[in-house]
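Observations on chain architecture
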Amino acid sequence: MSAIIEVTGVTKTFGKVTAVDDASFTVEENRIYGLLGRNGAGKTTLMQLITGQDFVTSGDIRVFGQSPVENASVLQRISFIKESQKYPEDFKVKHVFRSAPWFFADWDAAFAEQLIEEFRLPLDRRIKKLSRGQLSSIGVIVGLASRAPLTFFDEPYLGLDAVARQLFYDRLLEDYAEHPRTVVLSTHLIDEVSNLLEHVLVIDRGRIIIDEDAESLRGSASTIVGTRAAVDEFVGARPVLHRDAIGGLASVTVAGLDAAGRSAAKAAGLELVPVSLQQLVIQKTNTTEQEFEASA
Amino acid sequence: MDESRPIFVQIAEQIENDIIAGGLSEESQVPSTNEFAAFYRINPATALKGVSLLVDEGILYKKRGIGMFVATGARERLQTQRRERFSTEFVRPLLDEAAKLGIGSRELADMIREEDRA
């Protein structure tokens, strides 16, 4: 395993706004990463920095071991699919697919054709006339068919219906299995993609707050439901991520419950409710550090 | 897939169930990790982890360059394992719930017999 992205102490400010705040992490080769966070958390800024489209205020970014800024040998190995890709005025859909091979060495025209058919994209229509979903389909197809060693999808499916999104996930998994590459998927539809991810990065207010394997994250929290007294007694000194109460009932999400903890909870007559990745991220990004520490 | 347990454990269980039910017979080839990944819509690394779990337990074995196969005796071993867990996983919770509702063990036994006849 080798790191193909190394981000070290990166900060990016726009005037008084700190969009990325002292972020450090690495991205390993040939894995699917989820870059998750709320709107405005800094996901897009971070991807723009990594793909050399913007300059860091401080810190260092290495992609394939080099700085990405104005670096053709790095940038030609990257495919960055943006939420709001702009195309030349009067471009038709077919022009996008005719010009894409110029930029991507590993472009697979047959795969692109198959996807165009599956997504039912009208090749002769002007880009301006496309629906939001069709516009997203173009991005998804370019991102998949480019087979770039490092592919970013930034909220790639605005306006895509559930069928088209599922198609995207299925084709991504199939093609990734056959042609392993590094994929960074930025999204707030966490539940939909959580099983596709091998590693999860969560950014909140510019800071990386979670950098963990998807599998270990999945088991990292449990919600305990029962009478308030029983829940409180069980929770004791465990770190609390989230607390809800109604009447005499309490529901508390705690970190790291092992098998012994699970059976102890059951023995105490408490109910254990699984915490999805999405709930975990919501709870972690809703709670301030102070609240987190105070409740622990 | 349920959210409460690791996906790779669930993948391993699905394969086990298939072996116990006879869908995957001994010495037959199991699907590739990529096929599992596509079918369950999970990351291939997760599928590999599930399959590896069964390789470590000797339920599956690897033929170099060909794929994964069900080991001889796997079905019997899995059945034995499941029988051992049956009491803690099914009988105990049943008795606990019955006790909560004031159902005695004799009444419970009658209910089981009745249900079995139906």
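Residues numbered from 1 in each chain as written. Chains lettered and ligands numbered in written order. Predicted model: local features only at pLDDT ≥ 70, side-chain atom pairs only at ≥ 80, totals over all residues.

**Some points on the interface of chain A and chain B**
Contact residues are listed per partner, giving 15 residues for chain A and 16 residues for chain B. Broken down by secondary-structure element, the contributors of at least two residues to the side of chain A that touches chain B are helix H6 (162-178) and helix H8 (214-218) of chain A. By residue number, the principal contributor to the side of chain A that touches chain B is H6(A), which donates 5 residues. Taken together, the residues of the side of chain A that touches chain B break down into 7 nonpolar, 3 polar and 5 charged. (Contact = placed C-beta atoms within 7 Å. Helix = DSSP H or I, 4+ residues; strand = E, 2+ residues; numbered from the N terminus. Nonpolar A, V, L, I, M, F, W, Y, C, P; charged D, E, K, R; others polar.)

**What about the packing of H6(A) against helix H2 (residues 33-40) of chain B?**
Between H6(A) and H2(B), the shortest axis-to-axis distance is 9 Å and the interhelical angle comes to 170°. In terms of orientation, H6(A) lies roughly antiparallel with respect to H2(B). For the pair formed by H6(A) and H2(B), the contact residues are Leu173(A), Glu174(A) and Ala177(A) on the first element and Asn34(B), Ala37(B) and Ala38(B) on the second. The residue inventory of the contact of H6(A) with H2(B), partitioned by class, reads 4 nonpolar, 1 polar and 1 charged. (Axes fitted to C-alpha atoms, helices over the stretch in contact; angles between N-to-C directions. Parallel < 35°, antiparallel > 145°, perpendicular 65-115°, else oblique.)

**Some words on the domain arrangement of chain A**
All names here are of chain A. Partitioning chain A into domains gives domain 1 (3-216) and domain 2 (219-295). Residue-level contacts link 11 residues of domain 1 with 8 residues of domain 2. Broken down by secondary-structure element, the contributors of at least two residues to the side of domain 1 that touches domain 2 are helix H7 (190-193), strand S8 (199-204) and strand S9 (207-213). Class assignment for the residues of the side of domain 1 that touches domain 2 results in 5 nonpolar, 3 polar and 3 charged. (Domains from an automatic or database assignment.)

**Remarks on the sheet that holds strand S11 (residues 240-246) of chain A**
Residues and elements named next belong to chain A. Strand order across the open sheet formed by 4 strands is S11-S12-S10-S13, with antiparallel pairing between neighbours. The open sheet has two edge strands, S11 and strand S13 (271-274), and neither has a second partner. This sheet shows a mean twist of 20° between the axes of neighbouring strands, independent of strand direction. Taken together, the 4 bridges between strand S10 (residues 221-227) and S13 define a ladder with antiparallel strand orientation. Pairing of valine 225 across the sheet is with glutamate 271, part of S13. (Pairing = 2+ DSSP bridges.)

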